[in-house]
Amino acid sequence: MRKFVAGVGIVALSVVGLSTAAGAAQSQAGSQRQFVVVYAAGASTDAAHAAIAFAGGTILKENKAIGVATVASGNSGFAADATRAAAIEGVARNRVIGR
């Protein structure tokens, strides 16, 4: 019986630990915003990547054929910072439209 109670206690502590870690990860992810970034015509992919990184962004998805990327950033000024680069044509918040 003691082994059973001890096992239940360990499982309960593990679940609490996991949920606390998951909550911290969600809190950090909550400060991240997603953006759609359009590369300037004729800009190299490397230059666009460098501009995104310099502005504090991380590429989540990219369509190199048309020069568009979905980017996550915790930088509240990411859009303004990224559009200062010659390799970036425009930046907009990624959000659902048409609902």
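Residues numbered from 1 in each chain as written. Predicted model: local features only at pLDDT ≥ 70, side-chain atom pairs only at ≥ 80, totals over all residues. Heavy atoms only, no water.

Student: What am I meant to see in the environment of Ala48 here?
Tutor: Tracing the chain through its elements places Ala48 in helix α2 (residues 45-54). When its relative accessible area of 0% is taken as the criterion, Ala48 is described as buried. Each C-alpha atom, one on Ala48 and one on Ala85, is 8.2 Å from the other, the two residues being 37 residues apart in sequence. Apart from residues lying up to four places away in sequence, Ala48 is in contact with Tyr39, Ala87 and Ile88. (Helix = DSSP H or I, 4+ residues; strand = E, 2+ residues; numbered from the N terminus. Buried < 20%, exposed > 50% of the residue type's maximum accessible area, 1.4 Å probe, protein only. Contact = heavy atoms within 4.5 Å.)

Student: For this particular structure, what's the right way to read the sheet that holds strand β1 (residues 33-39)?
Tutor: The strands making up a sheet associate through hydrogen bonds between their backbones, and the pairing can be parallel or antiparallel. Pairing is antiparallel in the open sheet, where four strands are placed in the order β2-β3-β1-β4. With one partner strand each, in any of the chains shown, β2 (57-63) and β4 (88-93) form the two edges of the open sheet. With direction set aside, neighbouring strand axes in the sheet form an average angle of 25°. Bridge count between β2 and strand β3 (residues 68-73): six bridges; the pairing is antiparallel. Its bridge partner being in β3, Glu62 is matched across the sheet by Ala69. Sheet contacts for α2: β1, β2, β3 and β4; angle to β2, the most-contacted strand, approximately 145°. (Pairing = 2+ DSSP bridges. Axes fitted to C-alpha atoms, helices over the stretch in contact; angles between N-to-C directions.)

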